[in-house]
Amino acid sequence: MNIAILGAGAMGSLFGGLLAEAGQDVILLDINEGHLNAIRNNGLGLCTDSGDRQVTRLTAMRPEQAQVSPDLLIVFTKTLHTEAALAGVRRLLSPDTLVLTLQNGLGNIEAVGRHVRQDRILIGMTTWPADLVGPGQVRSHGQGLVRIMPVEIQQQKAATQVAKILSLAGLRCEVDPQAWTAIWEKVAFNAALNSLCAVTGCTVGQLNAVSDGLALARAVVAEVIATAQSAGINADAAHCMASVTDALARHKAHKPSMLQDVIAGRQTEIESINGEVVARAHRAGIAVPHTEMLLGLVRLIQARKAED
Ligand code: NAD
C-alpha cells in the first residue's frame, strides 16, 4: 500500500518507520528541513523495544515535492497545523485516498473534513508514545494500542484493512465502534495533565507534590467526562482517573508535550483540547470552570511568549 505520513515528527516517523519495515511503501511528508535531511542522508533512526536501527526503506520530502497519490494518508501534525498541512497536499488526494487522523484532541474530523469527503475519513486514537530525540531520530518504548473507526459506517471494510496493516507493522490496532469513548477519555487525561503541567511548569510526577495537584486533575477530568456524557459518549471518569494516577506515579519525570511547547515558545494544542471541551460544554449548558481557567492561563502564556 502507498502510505503518506503528513507530519513526520515523533509519531509520524514512528508509524512511518514501522510501516516501512513491514514492507509498505511509505513517504514521510514534513517541513522540518533538518529532520528531512537527516533521514535522506542516513535513513530514519528508530529506537524501540525491538532495538536501535536505521530504516532506509522509505522516502522523506516536503509536501510540495510529493507526486504520488497515496492510498492512505495518516495525519500526524500537531492539531494547530492540520489545516495548513492538508491544504499543502490536497492536490495529491484522489477520490479513493483514505485519510486517518490519530491526533489528540477534538475537532479533527471537522478539520480533515474541510479537505476530504467524510466517507474517506477514519478517526481514532493511540496510546503509543514517541519522542523526536534529534533530527532523523525517534524513540518509543513500551507498548501501545490504536483504536480506529470510520466516520461513515460503510467504510468498515476499509477500516478493517487499515487496522490489519497497522497491526502487521507491530502497531496493535483494533476497529472499535466505541473509539469515541477512548478519544474523549484521552482528551480528559490531556486536558488535565497537559494544561496543568504547561501552566505550573511541573513534570507529571511533580503534580503529586501537594494534594491540590491530584484534586485539580480530578476536577478537570470530571468536567470533561460530563461534557462527553452530555454528547452521548459512554466515557467514565473513574477509568480516566486511574490512567491519571498511574501516570503521576509511573512517569514522574515526563514533561507533557504542552509543557515542552511552552518551554520552547511554540503554540500548543490547547485549542483542540481544553478549547474544544469548553466550546462543547458551553453549547450543552455545562459549567467547566477548571478546564476554562486552564484554557485561559495557557492562552495567556502563549500570548506572552509570542511577544518575547
Ligand atoms: P511533532 O511536533 O513531533 O510532529 C509534528 C510534525 O508535523 C513536525 O515534524 C512538523 O514539522 C510537522 N508539520 C507541521 N506543519 C506541517 C505542514 N504544514 N506540513 C507537513 N508537516 C508539518 O508532534 P507529535 O508528538 O508527533 O504529535 C503529533 C500528533 O499526535 C499530535 O496531535 C499529538 O497530540 C498526537 N500524539 C502524540 C503522542 C506522542 O507521544 N508524541 C502520542 C499520541 C498522540
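Higher on the page you've got the structure.
Rules used throughout
- Residues numbered from 1 in each chain as written.
- Predicted model: local features only at pLDDT ≥ 70, side-chain atom pairs only at ≥ 80, totals over all residues.
- Heavy atoms only, no water.
- Core = buried A, V, L, I, M, F, W, Y, C linked by side-chain atoms within 4.5 Å.
- Buried < 20%, exposed > 50% of the residue type's maximum accessible area, 1.4 Å probe, protein only.
- Helix = DSSP H or I, 4+ residues; strand = E, 2+ residues; numbered from the N terminus.
- Contact = heavy atoms within 4.5 Å.
- Pairing = 2+ DSSP bridges.
- Axes fitted to C-alpha atoms, helices over the stretch in contact; angles between N-to-C directions.
- Polar contact = N/O pair within 3.5 Å; in protein donor to acceptor, adjacent residues only side chain to side chain.
- Parallel < 35°, antiparallel > 145°, perpendicular 65-115°, else oblique.
- Left-handed = near helix turned anticlockwise from the far one by under 90°.
- Nonpolar A, V, L, I, M, F, W, Y, C, P; charged D, E, K, R; others polar.
- Phe/Tyr/Trp six-rings, centres within 6.5 Å; stacked < 30°, edge-to-face > 60°.
- Near = heavy atom within 4 Å.
- Areas by Shrake-Rupley, 256 points an atom, 1.4 Å probe, with all protein chains shown as cover.

J.: Run through the nonpolar core, naming residues and quoting values.
T.: Ranked by size, the top nonpolar core spans 47 residues in total, and within it L193, V224 and V244 carry the most contacts. Broken down by element, the residue count for this core peaks at 12 residues, all from helix α6 (residues 179-200). Among all residues touching V244, those that are not within four sequence positions of it are F189, L193, L214, A217 and V221. In this structure, A20, L122, W128 and V146 belong to the second largest nonpolar core, which totals 40 residues.

J.: Describe the sheet that holds strand β7 (residues 98-101), listing the residues and the values that go with them.
T.: The 8 strands are arranged β5-β2-β1-β6-β7-β8-β11-β12 in an open sheet whose pairing can be described as mixed. Strand pairing shows two members of the sheet lacking a second neighbour, β5 (59-61) and β12 (173-175), which therefore form its edges. Sheet twist, expressed as the average angle between the axes of neighbouring strands with direction ignored, equals 25°. In the sheet, strand β11 (residues 146-150) pairs with β12 via 3 bridges, with the strands oriented parallel. In the sheet register, I148 faces β12, and the bridge partner there is V175. Running over the sheet, helix α2 (residues 33-42) touches β2 (25-29) and β5 and is turned about 150° from β5. Running at roughly 170° to β12, helix α5 (residues 156-168) makes contact with β1 (2-6), β6 (72-75), β7, β8 (121-126), β11 and β12 of the sheet.

J.: If you had to explain the side chain of T268 to someone new, which residues and values would you point to?
T.: Mapped onto the secondary structure, T268 falls in the loop between α9 (257-263) and α10 (274-284). Given the relative accessible area of 4%, T268 is considered buried. Polar side-chain contacts of T268 include one of 2.5 Å to the side chain of Q302. Contacts of T268, omitting those with residues within four sequence positions, involve L80, M258, D261, V262, V298 and Q302.

J.: Tell me what's going on with the packing of α6 against helix α11 (residues 289-307), and back it up with residues and numbers.
T.: Here α6 crosses α11 at 40°, and the two axes come no closer than 10 Å. One element, α6, and the other, α11, form an angle in the oblique class. Here the hand of the crossing between α6 and α11 comes out left-handed. In this structure, α6 uses A191, S195, L196, A198 and V199 to contact α11, whose residues at the interface are L294, L297, V298 and I301. Per-class residue counts for the contact of α6 with α11 are 8 nonpolar, 1 polar and no charged.

J.: How would you sum up the packing of aromatic side chains? Please name residues and give values.
T.: This structure, assessed with the given rule, holds 1 aromatic pair. Relative to F76, the ring of F15 lies with its centre 5.0 Å away and its plane at 65°, an arrangement referred to as edge-to-face. With F15 in helix α1 (residues 10-21) and F76 in the loop between β6 and α3 (82-89), this residue pair connects regions lying 61 residues apart in the sequence.

J.: Would you mind going over the environment of K186 in detail, with residue names and values included?
T.: With respect to the helices, strands and loops of the structure, K186 is situated in helix α6. Sequence-wise, K186 and M125 are 61 residues apart; in three dimensions their C-alpha atoms are separated by 8.1 Å.

J.: Provide a residue-level description of the site of the ligand, including the pertinent values.
T.: As a structural note, the neighbourhood of the ligand is formed by 24 residues, with A10, M11, D30, N104 and E269 the closest of them. Taking G9, its main chain carries an N or O atom lying 3.4 Å from an oxygen atom of the ligand. Within the side chain of N104, a nitrogen or oxygen atom sits 2.8 Å from an oxygen atom of the ligand. Contact with the protein chains hides 83% of the accessible area of the ligand, taken as 830 Å² for the molecule alone. Of the residues that constitute the shell around the ligand, the class distribution is 12 nonpolar, 8 polar and 4 charged.

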